[in-house]
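Each chain, letter by letter, is given below.
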Amino acid sequence: MNDLKLPIGIGTKTQEQALAELTDMTTDLLPIQREEYQARIHQAQAYMQAHNIDALYLNAGTNLKYFTGMQWYASERMVGAILPANGQFQYIAPTFEIGSLKDFQLIEAPIRSWQEHESPYQLFVTVLKEMGLSDRATIGMDESASFFLFDGIRQIAPSLNFINGKAVTAHCRMHKSVNELALMQRAMDMTLEVHKAAASILREGITTVEVEAFINEAHKRVGAPGNYFCIVLFGLASSFPHGVKEPQTLKRGDVVLIDTGCKVHSYLSDITRTYVFGEATEYQKQMWQHEKNAQAAAFKAAKLGTPCGNVDLAARSYLASVGLGPEYDLPGCPHRTGHGIGLDIHEWPYLVKDNPQPLAVGMCFSNEPMLVIPGEFGIRLEDHFYMTESGPKWFTEPSCSLEDPFGLA
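This one's a predicted model, so the numbers in the text were calculated from it and none came from an experiment. (Residues numbered from 1 in each chain as written. Predicted model: local features only at pLDDT ≥ 70, side-chain atom pairs only at ≥ 80, totals over all residues. Heavy atoms only, no water.)

## Overview of the overall build of the chain
Now for step 1: Helices and strands together make up the secondary structure of the chain, namely 11 helices and 18 strands.
Now for step 2: Taken over C-alpha atoms, the radius of gyration comes to 24 Å for the chain, in line with the 22 Å a tight globule of 409 residues would show.
Now for step 3: When its C-alpha atoms are laid out on the principal axes, the chain stretches across 75 × 45 × 40 Å.
Now for step 4: Taken over 409 residues, the chain has a buried fraction of 54%.
Now for step 5: Long-range pairs, those at least 24 residues apart, make up 67% of the contacts in the chain between residues at least 6 apart in sequence.
Now for step 6: Looking at the chain as shown, the accessible area adds up to about 17,100 Å², and 52% of this sits on carbon and sulfur atoms.
Now for step 7: The centroid of the 33 positive side-chain charges in the chain is displaced by 2 Å from the centroid of its 47 negative side-chain charges. (Helix = DSSP H or I, 4+ residues; strand = E, 2+ residues; numbered from the N terminus. Rg over C-alpha atoms; globule rule 2.2 N^0.38 Å. Buried < 20%, exposed > 50% of the residue type's maximum accessible area, 1.4 Å probe, protein only. Contact = heavy atoms within 4.5 Å. Areas by Shrake-Rupley, 256 points an atom, 1.4 Å probe, with all protein chains shown as cover. Lys, Arg positive; Asp, Glu negative; His and termini not counted. Charge placed at Lys NZ, Arg CZ, Asp CG, Glu CD.)

## Brief notes about the sheet that holds strand 4 (residues 111–114)
Now for step 1: What the six strands build is an open sheet, ordered 4-3-2-1-5-6; its pairing is mixed. Two strands close off the open sheet at either side, each with one partner strand: strand 4 and strand 6 (161–164). Across the sheet, the mean angle from the axis of one strand to that of its neighbour is 25°, orientation sign disregarded.
Now for step 2: Where strand 5 (residues 138–141) and strand 6 come together, four bridges link them in parallel fashion. (Pairing = 2+ DSSP bridges. Axes fitted to C-alpha atoms, helices over the stretch in contact; angles between N-to-C directions.)

## What about the environment of Pro7?
Now for step 1: Within the secondary structure, Pro7 sits in the segment before helix 1 (15–20).
Now for step 2: The exposure class of Pro7 is buried, given its relative accessible area of 9%.
Now for step 3: Along the chain, Pro7 and Ala280 lie 273 residues apart, while their C-alpha atoms are 9.3 Å from each other.
Now for step 4: Filtering out sequence-adjacent residues up to four positions away, Pro7 remains in contact with Val276, Gly278, Leu402, Glu403 and Pro405.

## Overview of the sheet that holds strand 17 (residues 383–388)
Now for step 1: If you walk across this open sheet you meet the three strands as 14-17-18, and the pairing is antiparallel. Strands with a single pairing partner mark the edges of an open sheet, and in this sheet they are strand 14 (364–367) and strand 18 (391–394). Along the sheet, successive strands turn relative to each other by an average axial angle of 35°, direction set aside.
Now for step 2: One ladder, built from four bridges, connects strand 14 with strand 17; its direction is antiparallel. Its bridge partner lying in strand 17, Phe365 is registered against Phe385.
Now for step 3: Helix 10 (residues 282–301) rests against strand 14, strand 17 and strand 18 of the sheet, and its axis sits at about 140° to strand 18.

## Observations regarding the pattern of salt bridges
Now for step 1: Evaluated as defined, the whole model comprises 24 salt bridges.
Now for step 2: The residue Glu76 makes a salt bridge to Arg77 at a minimum N-O spacing of 3.4 Å.
Now for step 3: Judged by its relative accessible area of 28%, Arg77 falls in the partly exposed class.
Now for step 4: Its salt-bridge partner being Lys251, residue Asp254 comes within 3.6 Å of it at the nearest N-O pair. (Salt bridge = Lys/Arg side-chain N within 4 Å of Asp/Glu carboxyl O.)

## Observations regarding the state of the cysteines
Now for step 1: Within this structure, the stated rule accounts for zero disulfides.
Now for step 2: The thiol of Cys230 is not disulfide-bonded; the next cysteine sulfur, from Cys262, is found 11 Å away. (Disulfide = S-S within 2.5 Å.)

## With respect to the environment of Cys400
Now for step 1: Within the secondary structure layout, Cys400 lies in the segment after strand 18.
Now for step 2: Spatially, the C-alpha atom of Cys400 lies 8.8 Å from that of Lys292, the residues being 108 residues apart in sequence.
Now for step 3: In this structure Cys400 touches Trp288, Lys292, Pro405, Phe406 and Gly407, once residues within four positions along its chain are discounted.

And the structure:
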């Protein structure tokens, strides 16, 4: 491989050498504390009072975690919490899970339980009545809850007025606190180091499966549980935004696309880097630069008060100006410019056409107007930014150039 011209930082180390240089980056971090969870509950209740929402059901998963700190998984059994607009929230769960729930509980509250042969939906309605709510109360239903939960409650109490709980959950979650931003910043820093390490071990003949396994171990070395997700694509496969079924083997001239992330105290990272293994063609160089320019155009358009849709428009307008697209046509960008991120890898708000949501302080976004060249390759450069009082700020600086993707020169 000595005669193969590679971008800076690519193919310089063995896997053992690259892993040995990684260290735990999480030792000084603290998870979200009890006081912040209580503040989130108060914020939600204030919003509910102002918008005539009587109670909010938080299902097991990220919404329950966000407001109460309770880490639990969604299943066929109802586990969650009922948060009234006024007063204390109450958990609802199977009786046999109470011991485990108490172990995971960060904020103490009554746990209302049901036996396996009993109806959790009847218990739900009973708790509402005990909270002083009428059978015509307005209930925000967790937008991530399965339909069977909503349907079970509706059959017992058809006069309840159900609305999408997203009105409350998204309102609170889309504005990240200083503590949330700090956890996300570290997660992004960690994944960027993993990206550099992964690039350094590339060699002709390595498979995508080997690289994925390396990235998983590298994330562990920097302090994460491992990969939250990992997409490694070579050559033609890079033109499929979320991958293909079969693994690939790396060859000279292949486009390499790696998209990966990890969790740090439940908060996520998500970074994509694309470069060429070997000497890039002039067309590859041209398309890579267009991708970088589109990403820069989106970032420049991200101003406080500007609709989210305008950020997508800026990226797409640049691509159209150089003959790519228009809209979602290929060659061009087949998907939205970006998504929100936090406890979920994709959450509100979204940088997508016609989204009127104004950009506001604390909002976090991916910036990834991917280019797909059908039958040839794809290029995705993905970094995240968050909105500050003075405008957008990168979590990680964008890739420098195709020849020096990590700014190592």
